[in-house]
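# Descriptive structure summary
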Amino acid sequence: MRVAVVGGTGDFGLALAERLAESGVEVVIGSRDAARAEEKARDAGAAAGAANEDAVRGVDLVVLATKADAALPTAGQLAAAIGATPVLSVASELRFTKEGVFPTDDPRSIAERLQDTLHGPVTAGLHSLAASSLAHGKAEGDAFVCGDDADAKALSLELAGHVVRGRALDAGPLASARALEGMTAVIVNLNKRYKGHAGVVVTGLP
Ligand SMILES: NC(=O)c1ccc[n+]([C@@H]2O[C@H](COP(=O)([O-])OP(=O)(O)OC[C@H]3O[C@@H](n4cnc5c(N)ncnc54)[C@H](OP(=O)(O)O)[C@@H]3O)[C@@H](O)[C@H]2O)c1
């Protein structure tokens, strides 16, 4: 599998790229700055680094890992270059306040809004994995992936399976992204409250 990680120079994308490269996945790190992408690709053991627009060409799956509020505009800019290739969204819109971290007030997930912009199928997942948990090896716990396209979801689940110690679980249609994106707020609140690295393990499944 060849995977582009757009915004792969950030905390989450870089940790993800490292874990994928360790698992033998061919990873291309994307950045708005090609030189930064190449430098981070060397650090991560990735196959290559390139400007986002070049990184997404000729891959099997694009992971959109820019900072969350750049996900939609970046998808708009890259839609033609991405074409019909599936896109995995890991983005969660969070609002940081004195009282805690809140999920977005928008009733539609970022992933569903991305699907309006992109030509290929969108999946969403990995929201319960903190960058700090992925940074030093496979993340503890399970990963969730949702989506409406069976093939895109199978690829995204395969990717998720490379980066967690637990299971990569199919969480249903793309509409589940509303809950999954909110889960990042829950994880961040837990980490702040208990000063840890929370992960999620689902019980009761065969
Ligand atoms: N951090 C976590 O623990 C965590 C957990 C679960 C999910 N996520 C999701 O993963 C994604 C990345 O999180 P992060 O913490 O790694 O974010 P980040 O470090 O703030 O940003 C990631 C990358 O986004 C790119 N970027 C920044 N502003 C941009 C813009 N205006 N347009 C295009 N690209 C821009 C930058 O790459 P270049 O400057 O190189 O282009 C940056 O390295 C987010 O959507 C977040 O919701 C994060």
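On a predicted model such as this, the values are computed, not experimentally measured, just so you know.

### Comments concerning the packing of helix α4 (residues 71–82) against helix α5 (residues 110–117)
- It is the contact of α4 with α5, at a shortest axis distance of 10 Å, that shows an interaxial angle of 20°. As the angle between them shows, α4 and α5 are arranged roughly parallel. With respect to the hand of their crossing, α4 and α5 are arranged in right-handed fashion. Where α4 abuts α5, its residues A71, L72, A75, G76 and A79 lie against I110, R113, L114 and T117.

### Regarding the pairing of strand β1 (residues 2–6)
- Of all the five residues making up β1, four are buried; the element is thus mostly covered by neighbouring parts of the structure.
- Both β1 and strand β2 (residues 26–31) contribute to a ladder of five bridges, which runs parallel. Bridging from a neighbouring strand, V5 pairs with I29 of β2.
- Chirality of the crossover, the property in question, places the unit of β1, helix α1 (residues 11–22) and β2 among those that are right-handed.
- Pairing analysis gives four bridges linking β1 to strand β4 (residues 61–64), with the strands arranged parallel. Across the sheet, V6 pairs through a bridge with L64, a residue of β4.

### So, the environment of V164
- Mapping V164 onto the fold places it in the loop between α7 (150–161) and β10 (168–170).
- Between the C-alpha atoms of V164 and R19, which are 145 residues apart in sequence, the distance is 9.1 Å.
- Those residues in contact with V164, other than ones at most four positions away along the chain, are L129, K138, A139, G141, D142 and A143.

### Regarding the site of the ligand
- The environment of the ligand is formed by 25 residues, the closest being G10, F12, S31, A70 and A91.
- Listed by contribution, the elements that provide at least two residues to the shell around the ligand are α1 and α4.
- In terms of residue count, α1 provides more of the shell around the ligand than any other element does, three residues in total.
- Taken together, the residues of the shell around the ligand sort by class into ten nonpolar, ten polar and five charged.

### Examining α4
- Taking 1.5 Å as the rise per residue, α4 with twelve residues should run 16 Å; its terminal C-alpha atoms sit only 14 Å apart, a clear shortfall.
- Check the buried side of α4 and you find it contacts β1, α3 (52–55), β4, β5 (87–89) and α5.

### A few points about the environment of G147
- By the secondary structure assignment, G147 is in strand β9 (residues 143–147).
- Taking C-alpha positions, G147 is 22 Å from P206, a pair spaced 59 residues apart along the chain.
- Not counting residues up to four positions away in its chain, the partners in contact with G147 are P121, V122, T123, A124, A152, K153, S156 and L174.

### Some points on the pairing of strand β6 (residues 94–97)
- The sheet contact formed by β6 and strand β7 (residues 100–103) spans four bridges and is antiparallel. Residue pairing in the sheet places F96 in a bridge with V101 of β7.
- Here β6 folds back onto β7, and the loop between the two strands holds two residues.

### Some points on the environment of S109
- When you line up the elements, S109 lands in the loop between β7 and α5.
- As a C-alpha pair, S109 and R178 span 69 residues in sequence and 4.8 Å in three-dimensional space.

### Comments concerning unusual backbone geometry
- The backbone of L126 sits at a positive phi, close to 70°, despite the residue not being glycine.
- With respect to the helices and strands, L126 occurs in the loop between β8 (122–125) and α6 (131–134).
- Taking the number of C-beta atoms within 10 Å as the measure of exposure, L126 has 25 and is therefore buried.

### Let's talk about the nonpolar core
- Membership of the largest hydrophobic core comes to 62 residues, with the highest contact counts inside it found for V63 and L64.
- By residue number, the principal contributor to this core is α1, which donates six residues.
- In this view, L64 contacts V6, A71, T74, A75, V87, L88, S89, V90 and A91; residues no more than four positions away in its chain are not counted.

Cut-offs applied
- Residue numbers run consecutively from 1 along every chain, following the written order of its sequence.
- Residues qualify for local features only when their pLDDT is at least 70, as the model is predicted, and side-chain atom pairs are given and counted only at 80 or more; totals for whole chains, interfaces and linings, by contrast, use all residues.
- Here an angle of 0 to 180 degrees is reported between the N-to-C directions of two axes, which are lines fitted to C-alpha atoms, with helices fitted over the stretch in contact.
- Going along the chain from the N terminus, every DSSP run of H or I of four or more residues is numbered as a helix, and every run of E of two or more is numbered as a strand.
- Should an angle fall under 35 degrees it is taken as roughly parallel, and over 145 as roughly antiparallel, whereas 65 to 115 is taken as roughly perpendicular and any remaining angle as oblique.
- Here a crossing is called left-handed whenever its near helix is offset anticlockwise from the far helix by less than a right angle, and right-handed whenever the offset is clockwise.
- Contact definition: two residues whose C-beta atoms, as placed from backbone geometry, lie within 7 Å.
- To sort residues by burial, count the other C-beta atoms lying within 10 Å of each one's C-beta; a count of 20 or more means buried, 12 or fewer means exposed, and anything in between means partly exposed. C-beta atoms are built from the backbone.
- Strand pairing is assigned whenever DSSP identifies at least 2 bridges connecting the two strands.
- Classification remark: right-handed applies to a crossover when, strands pointing away from the viewer, the course from the first strand over the helix to the second runs clockwise.
- Working rule for contacts: place C-beta from the backbone, and if it is within 6 Å of a molecule or strand, that residue counts as near it.
- Each residue is assigned to one of three groups, with Ala, Val, Leu, Ile, Met, Phe, Trp, Tyr, Cys and Pro labelled nonpolar, Asp, Glu, Lys and Arg labelled charged, and all others, Gly among them, labelled polar.
- The span one expects for a helix is its residue count, reduced by one, times 1.5 Å.
- One nonpolar core equals one set of buried Ala, Val, Leu, Ile, Met, Phe, Trp, Tyr and Cys residues connected by C-beta atoms within 7 Å.

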